[in-house]
Every structure is written in C-alpha cells, then in structure tokens.
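Observations on the model geometry
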Amino acid sequence: MTVRTDTQSLRRARRAGLAAFVGTTIEWYDFYIYATAASLVFGTVFFPATGDRLTGVAAAFATYAVGFFARPLGGIVFGHVGDRVGRKTALVVTLTMMGVATFLVGCLPGYGQIGTWAPILLVVLRFIQGLAVGGEWGGAVLMAVEHAPPDKKTFYGAFAQAGNPAGALLATGLFSLLSTGGTEWLSTWGWRIPFFASALLIGVGLLVRLKVEESPVFEETVEETGVPILYAVRTNWKPILLGICVLPVAVGGYYLVTTFATAYATDPAVGVSESLVLNALTIAAFVELAVSFGAAWLGDRFGRVRVVVIGLVGVAVLAAPQFLVLSTKNAVLIIAAFVAMRLAMTATYSPIAAILSQMFRPRARYTSISLSYQLAGALFGGLSPLVSTLLFQATGSVWPAIGLLIGMCVLSIACVLAAPQHTDEVSGCASAA
C-alpha cells in the first residue's frame, strides 16, 4: 500500500481540483451555449414556421430536454468505466465526445436547407451531448473530492461545481457580445460561433486532464463490484432515490431561473431585450463564480448541509421577485434580481458535490452518484423549462413557474436534511464527512 506525504497529497489534490474546474467549465460551456441558443434562435432555425413564437421555443426546449434524458444513460455507461477502469479514463472520453458533438451542432444546416433532417440531426447531437455530461459530472466531482484533504472536501468539491457558472459565464458572455450584431445576424450565422469555439476549449481541457493522477480512493479502496450498475441498484437504491430528491433546485431550479427566464423575459408579452437578459445572466454568472469557493468554505467551516438549506430558503423567497421584476424592464432591478437569485443558488449548488459523493461508499460510487445526479437532471432539469413554457403558454401567467420553483425548494430541504454522510479511508488520508 502506497503512503503519500501531506505535500504529495496536497499537490495531487490541487491538480485534481484544477482539472475538475477546467473540464467541467468546458462541458458546461458546451451545454449552456445549446441552452442559450434554444431560448433565442433554435425555434426559428431548426423548426418550421408556425407563426407562434412560444410553439417554436417549446419545440427547441423539447430537443434541449433530450440531452437531459440521455444523461442517466451516460451516467451508467461512464459510471461503469469509472468504477472498473478508472475515473480519469472516463473523463477524457466524455470531454472528447462533448467537444465533437458541440462543434457539429455549429455545422448543421437549418430547416430551410434540409427540412426535417435539421431537427433530427439536432436531436442526435443533443443526445450525444447528454451522454457526455451524464458521465462527466460524477467523475469530475469524485476526482476532486477523493483527492481532497479530510477537512476540505466541500471546498475541493466546489472546483467541479464552479465549472457550472464559469461555463455559463463564457456561454452567455459570448452570446451577449454576439447579440450586439443584431437579432437577424445572430439568428443566421452569429449563433454558430460559440459552437465552433468549443474545439479550441476541448484541446485545452484534454491537455490539463491528461496530467492528473487517478483517484486515490479508486486505486486503494474500491473493491470488485461485478457490473457496477447492478451493484448500485441492488445496494444503493435508497440513497440514489434520496439523492435525486436532494437535487431539484440544484439541477432543475437553475434552469428555471436561467433558460426559462430568458424565454419568458424576451417573449413579446414581457418585452425585455435579448441583450439586457444576456447581460444580466452574464453578470450573475460572474458573481456566482466569484462566491462559489466562499460558499464551499462556509460548508467546511459551519456544515455543508446547513449552507445548502439556507440557500434553498433564499431561492424560495426570491422566486417571485426573480420573475415579476422582469415586467418593469428596469435594467438595474433585473440585474439585481438575477444576481440575488444566483447568490442563493450558489449556496444550494457549491456544497452539493461533497454531500452527494459522501452519500455513497466507494464501491460503485461513480455509478451511484451519476445516477442520482443525472436522473434528477432528466426529471427536474430537462422538463422544468419545457413544462414552465407550456404552463405560461396555457395560462398567460408566470405564477405556475414560481410555484414550481418553491415546491422544488421544499422537497430539496426535506431530503438534504435526511441525507447520510459516509467517510473514506486511504493510506495516509482519512476523510470525515
């Protein structure tokens, strides 16, 4: 059994944290440029004209949801690789898959050029994106948390979580810049630029990720599991279900206050400009990134469950102001509301990596954590923008979406308070949850 010095362990932890941050930033950038494009242009680019904007948006969100439905399968496939071959191998493959699929979306002709093949090919590429993200998150989280010192697991887990706002910042920031060219240019060629840029980012991400050592927990303590998915379902089904119910706000509420909020705000009935919404989202993502590690530090200092619960209460309180302020069209108020909501969201999201990873013992952990996160993503993340859009279309009111978000908060609070927390032990390093 290998004994590592504290200095060696800390150096490995830092490299793993950096790789988790860079990799998840690129993965989420790819995912969010799709979400942003779906909110703004995909309804008219890839689907036939209907004369009803919300119908096109709903169709675009349906393809968006496909990525979420693919994520549990990605969690199973790459969970198997991560639990049997290694975390690092799985993460290199998922990053490559995401980059190729994203680049090809940028190359797709629209409905006017190839007819129904346009949405069909879009769905196929979105499915591949979903597979990649489904295998990415669990591995990135485990590489960061399993390398981390015992008293800093929440902090190091935040490296993977910080990739989310960093990816969103890159995505919305680039779209915000491109929107200055006008709606017509954005909807014809401008939207393709962020997808082409993904190729360069993937090269950087692979360079960083290939230099990281394998997880010490995988190397030293993970026992043979047979087929990981069978072990996970047979042994971990209770914490998997509980993990799904911990995550409605962290994975679903986030898309309500970003993706659906973009579509709602830019609807003619509300009339907020695309550039204002994109600027607000960009500023909010920057603020979230800036405070992510602070929220994680608070989790290590005062208890990660306590920090998450406080954040969930904040989201519930801010749910109505987040959407109602949009009708004022006041830039200062809108930006302030988006920033306040993302601060609360950060408290729910940044510590969740450590909470979820420590809900499972090392055997089949990659598969188990991926199933929890990705099934929650399919249920809450994939459907919440679509359901909210359909409810808004049917009722003409945003209150059903507000009620949905508050209900998610209640469920998350109940389940995070009931979540078990286990400990890991590897040579030279024991972790206390």
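Residues numbered from 1 in each chain as written. Predicted model: local features only at pLDDT ≥ 70, side-chain atom pairs only at ≥ 80, totals over all residues. Heavy atoms only, no water.

Within an unreviewed UniProt entry, the label attached to the protein reads MFS transporter, and the organism entered is Amycolatopsis coloradensis.

**Re the pattern of salt bridges**
Spelled out, the test is: Throughout this description, the term salt bridge denotes a Lys or Arg side-chain nitrogen within 4 Å of a carboxyl oxygen of Asp or Glu. Runs of E in the DSSP output that reach at least two residues are strands. Runs of H or I that reach at least four are helices, and both are numbered from the N terminus. Burial classes follow relative accessibility: with a 1.4 Å probe on protein chains only, a residue under 20% of its type's maximum area counts as buried, one over 50% as exposed, and anything between as partly exposed.
A complete count under the given rule lists four salt bridges for this structure. Between Arg365 and Glu146 there is a salt bridge whose closest N-O contact spans 3.2 Å. Here Arg365, found in helix α18 (residues 365-381), pairs with Glu146, found in helix α6 (residues 117-147); they are 219 residues apart in sequence, far enough to count as distant. Per residue, the accessibility class of Arg365 equals that of Glu146, and both read buried. Three or more residues joined by partner-sharing salt bridges are found here, namely Asp83, Arg87, Glu146 and Arg365.

**Side note on the environment of Ala261**
Filter applied, for reference: Any two residues whose heavy atoms approach within 4.5 Å at even a single point are treated as in contact.
When you line up the elements, Ala261 lands in helix α13 (residues 248-265). Assessed through its relative accessible area of 0%, Ala261 is described here as buried. On a C-alpha basis, the gap between Ala261 and Thr389 in space is 9.6 Å, while along the polypeptide they are 128 residues apart. Discounting chain neighbours no more than four positions away, the residues touching Ala261 are Leu256, Phe323, Leu326 and Phe338.

**Points about the confidence of the model for the protein**
So the rule is basically this: As a per-residue measure, pLDDT tells how confident the predictor is, with possible values from 0 to 100.
Looking at the protein, the pLDDT average stands at 85 and 93% of residues meet or exceed 70. A low-confidence stretch, residues 426-433 (pLDDT under 50), is modelled with 29 contacts involving residues beyond four sequence positions or located in other chains.

**A closer look at a nonpolar patch on the surface**
For clarity, the cut-off: The patch calculation keeps residues exceeding 30% relative accessible area without a salt bridge and links them within 9 Å when they carry like charges or within 5 Å when they are nonpolar (Val, Leu, Ile, Met, Phe, Trp, Tyr). Accessible surface is estimated by sampling points in the Shrake-Rupley manner with a 1.4 Å probe; for residues, cover comes only from the protein chains shown.
On the surface, Val100, Phe103, Leu104 and Phe196 cluster together into a nonpolar patch covering about 320 Å² of accessible area. Among the elements that line the nonpolar patch, the one with the most residues is helix α4 (residues 87-107), at three residues. Among the secondary structure elements, Phe103 is positioned in helix α4. Since its relative accessible area comes to 33%, Phe103 is described here as partly exposed.

**A short note on the packing of helix α15 (residues 304-324) against helix α20 (residues 399-418)**
Defined as follows: In this analysis, axes come from line fits to C-alpha atoms, helices being fitted only over the stretch in contact, and the angle between any two N-to-C directions falls in the range 0 to 180 degrees. Working rule for angles: under 35 degrees goes down as roughly parallel, over 145 as roughly antiparallel, 65 to 115 as roughly perpendicular, anything else as oblique. Gly is put with the polar residues, along with every residue not named as nonpolar or charged; the nonpolar set is Ala, Val, Leu, Ile, Met, Phe, Trp, Tyr, Cys and Pro, and the charged set is Asp, Glu, Lys and Arg.
Closest axis-to-axis distance for the α15/α20 pair is 9 Å, and the angle between their directions is 175 degrees. Judged by the angle between their axes, α15 and α20 are roughly antiparallel. Residues Val305, Val308, Val309, Leu312, Val313, Val315, Ala316, Ala319, Ala320, Phe323 and Leu324 of α15 form the contact with α20, whose participating residues are Trp399, Ile402, Leu405, Ile406, Cys409, Ser412, Ile413, Val416 and Leu417. Looking at the contact of α15 with α20 residue by residue, the classes come out as 19 nonpolar, one polar and no charged.

**A word on the packing of aromatic side chains**
To keep it simple, the criterion reads: Pairs were defined over the aromatic rings of Phe, Tyr and Trp, the Trp ring being its six-membered one, requiring ring centres within 6.5 Å. Orientation was assigned from the angle between planes: stacked under 30 degrees, edge-to-face over 60, tilted for the rest.
Inspection of the entire model under this criterion finds 21 aromatic pairs. The interplanar angle of 50 degrees and the centroid separation of 6.1 Å between the aromatic rings of Tyr32 and Tyr255 together place this pair among those described as tilted. Taken together, the residues Tyr32 in helix α1 (residues 6-40) and Tyr255 in helix α13 connect sequence positions 223 residues apart. Measuring from centroid to centroid gives 6.1 Å for Phe260 and Tyr264, while their planes differ by 25 degrees, and the two rings are stacked.

**Some details on the nonpolar core**
The following threshold applies: Buried Ala, Val, Leu, Ile, Met, Phe, Trp, Tyr and Cys residues that are joined via side-chain atoms within 4.5 Å together make up what is termed a nonpolar core.
Grouped together as the largest cluster of nonpolar side chains are 121 residues, with contacts concentrated most on Trp28, Phe42, Phe46, Trp137, Trp191 and Leu326. In terms of residues, this core owes the most to one element, α1, which gives 13 residues. Excluding anything up to four places from it in sequence, Phe42 contacts Tyr34, Ala37, Phe47, Ala60, Val105, Leu122, Trp191 and Phe195. Within the second largest apolar cluster, six residues are counted, among which are Ile26, Val92, Leu95 and Ile202.

**Details of the environment of Ala16**
Tracing the sequence through the fold places Ala16 in helix α1. Residue Ala16 is classed as buried on the basis of its relative accessible area, which comes to 2%. Through-space distance from the C-alpha of Ala16 to that of Leu142 is 9.5 Å; in sequence the pair is 126 residues apart. Discounting chain neighbours no more than four positions away, the residues touching Ala16 are Met143, His147 and Val212.

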